[in-house]
Amino acid sequence: MWSMRMLNLALQGGGSHGAFTWGVLDALLDDGRIGFEGLSGTSAGAFNAVALASGWATAEAAGRDPREGARAKLDACWSRVSGWGSLGTLQQQFLRFLWGGLPHLSPYQANPLGINPLRDLLEAEIDFGAIAGHRELKVFVSATHVTTGKAVVFTGRRLDAAAVLASACLPMLFQAVEIDGEAYWDGGYSVNPALSPLTTECRTADLMLVQINPVALRKAPRTTAGIQDRVSELTFNASLLTQMRAIDFINRLVAEGAVSHPGCKAVRVHRVDGGPAMEDFPAASRGSSDAAMIGKLFRTGQEAGKAWLQQHYAAIGQRGTVDIRRDYLDDTRLELPVPAESPVRRLIVPRFKPWLARLLRRQAPR
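Chemist: What should I look at first to understand empty space enclosed by the protein in this one?
Modeler: Empty space among the atoms can be located by rolling a probe the size of a water molecule over them. Scanning the entire structure with this criterion turns up 2 cavities of 30 Å³ or more. Reported here for the second largest cavity is a volume of approximately 30 Å³. Lining the second largest cavity, in full, are Asn-8, Leu-198, Thr-199, Thr-204, Ala-205, Asp-206, Leu-207, Lys-265 and Val-267. Classifying every residue of the lining of the second largest cavity gives 4 nonpolar, 3 polar and 2 charged.

Chemist: Looking at this structure, how should I read the pattern of salt bridges?
Modeler: Note that side chains of opposite charge can pair when their charged atoms are close. In the structure shown here, the tally under the stated rule is 14 salt bridges. We note a salt bridge from Arg-33 to Asp-31, for which the minimum N-O separation is 2.8 Å. A relative accessible area of 31% means that Arg-33 is categorised as partly exposed. For Lys-138, the salt bridge goes to Glu-37, with nearest N and O atoms at 3.0 Å. Here Glu-37 lies in strand β2 (residues 34–42) and Lys-138 lies in strand β3 (residues 138–145), a separation of 101 residues in the sequence. What emerges from the salt-bridge pattern is a single network uniting Asp-26, Asp-30, Glu-68 and Arg-71.

Chemist: Sorry if this is basic, but what is going on with the pairing of strand β1 (residues 5–11) here?
Modeler: Along any regular strand the residues' side chains alternate between the sheet's two faces. Among the 7 residues that make up β1, 5 are buried, leaving the element largely enclosed by the rest of the structure. With 6 bridges connecting them, β1 and β2 associate as parallel partners. Residue pairing in the sheet places Leu-11 in a bridge with Gly-41 of β2. Each parallel crossover has a hand, and the one from β1 via helix α1 (residues 18–31) to β2 is right-handed.

Chemist: Can you walk me through the nonpolar core in this structure?
Modeler: Within soluble globular proteins, side chains that are nonpolar generally end up buried alongside one another. Within the largest apolar cluster, 67 residues are counted, with the highest numbers of intra-cluster contacts made by Leu-9, Phe-36, Val-50, Leu-122, Val-139 and Leu-159. If one sorts the elements of this core by residue count, helix α2 (residues 44–61) sits on top with 8 residues. For Leu-159, the residues in contact, after removing those within four places along its chain, are Val-50, Phe-128, Ile-131, Val-139, Val-141, Phe-154 and Val-164.

Chemist: Mind showing me how you'd approach α1 here?
Modeler: Along an α-helix, residues three or four apart share an orientation, since each turn contains 3.6 residues. Here α1 is 14 residues long and its end C-alpha atoms lie 20 Å apart, about the 20 Å a rise of 1.5 Å per residue gives. By the criterion of burial, α1 is predominantly enclosed, with 12 of the 14 residues buried. Inspection of α1 places Gly-18, Ala-19, Phe-20, Thr-21, Trp-22, Gly-23, Val-24, Leu-25, Asp-26, Ala-27, Leu-28 and Leu-29 among the buried residues, and these make up the whole buried set. Once α1 ends, the next one or two residues include Gly-32, with phi positive near 85°.

Chemist: What am I meant to see in the side chain of Asp-186 here?
Modeler: Structurally, Asp-186 is set in strand β6 (residues 182–186). Within the local environment of Asp-186, its side chain forms a polar contact with the backbone nitrogen of Gly-188, the two atoms lying 2.6 Å apart.

Thresholds applied
- Residues numbered from 1 in each chain as written.
- Predicted model: local features only at pLDDT ≥ 70, side-chain atom pairs only at ≥ 80, totals over all residues.
- Heavy atoms only, no water.
- 1 Å grid on protein atoms, 1.4 Å probe; cavity = no way out; pocket = protein on both sides within 12 Å on 5 of 7 lines; lining within 4 Å.
- Points joined across faces, edges and corners; volume = space filled by probe spheres on them.
- Nonpolar A, V, L, I, M, F, W, Y, C, P; charged D, E, K, R; others polar.
- Salt bridge = Lys/Arg side-chain N within 4 Å of Asp/Glu carboxyl O.
- Buried < 20%, exposed > 50% of the residue type's maximum accessible area, 1.4 Å probe, protein only.
- Helix = DSSP H or I, 4+ residues; strand = E, 2+ residues; numbered from the N terminus.
- Pairing = 2+ DSSP bridges.
- Right-handed = clockwise from strand over helix to strand, strands pointing away.
- Core = buried A, V, L, I, M, F, W, Y, C linked by side-chain atoms within 4.5 Å.
- Contact = heavy atoms within 4.5 Å.
- Expected span 1.5 Å × (residues − 1).
- Polar contact = N/O pair within 3.5 Å; in protein donor to acceptor, adjacent residues only side chain to side chain.

Structural measurements only, silent on function.
Here it is as structure tokens:
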């Protein structure tokens with residue numbers, strides 16, 4: 001146990017493509033050398049996070065191996081999802097309708113009873129009390145507050161089946177999930193996943209992102225389906241890029257000695273993604289519960305997780321393995337050459353200094 005290395009896990013959402021994340025988690029759990037402190041997930045990432053935490057906590061309480069308990073619970077949950085694809089004809093048609101929606105009808109018209117098969121799965125498989133009562137694992141599930149657009153993180157006693165349903169609530173398929181009188185949609189619209197709880201609420205400085213939605217493509221799409229897929233990926237990655245920029249900024253301040261607050265620490269970022277292998281699974285297939293596809297995604301994730309461990313395990317606790325600036329940052333500054341005696345500069349400087357002086361006078365302590 002002396003060689004145990006700790007990670008915080010950030011798990012992206014992506015519908016059925018979350019089976020890839022299941023495979024990665026299975027590889028990490030099976031390895032036995034990795035411990036976990038924080039788990040943050042959105043949508044399918046939230047589903048994976050609570051499945052792992054529930055299996056871990058209940059097995060540990062029963063005196064069993066928590067890693068094997070987590071692996072078994074993830075397997076049981078995804079087996080139930082795979083089973084949706086083998087239901088009878090009428091049930092299959094209903095599920096297709098739920099995941100695919102109906103044109104020109106809102107879910108309040110098309111699904112007035114608010115039927116969602118995920119609700120029954122969560123209530124049957126996940127012990128939210130055990131998750132909240134665990135002393136070591138911290139689980140954070142994010143959703144989007146409909147009326148303000150802000151991200152909301154559910155944790156501790158507030159984390160229940162409704163919170164996970166809210167995190168996975170695509171608004172054209174399901175009615176908004178109401179919690180304490182407030183309406184919530186899929187967390188991917190605001191944060192996918194939330195990284196700040198892992199950096200502020202956890203001691204562990206190593207953060208592993210399991211990424212489903214690719215940031216970069218090898219070439220621009222030209223088909224209608226490809227364009228729609230890329231728009232979806234860009235939408236659900238926007239918050240991730242913003243959060244990565246914030247981490248890079250804090251890391252640079254810490255490295256330069258510009259901040260010394262105990263709440264600010266450098267974060268060592270790691271990532272597992274499917275790379276080119278995930279291109280075989282278009283975004284449109286995220287709503288599928290086909291057992292063969294889910295099995296293939298699981299195996300792809302397993303292989304990716306094992307490959308990452310083989311290549312980067314020694315870096316945990318030592319250094320990050322992601323070049324944040326190269327992969328996630330962009331440069332929005334305009335690099336325009338300005339002549340030394342430019343009249344533009346003579347106009348700007350006199351206006352800027354008085355404005356700055358007034359601001360500093362207002363900010364000065366009295």
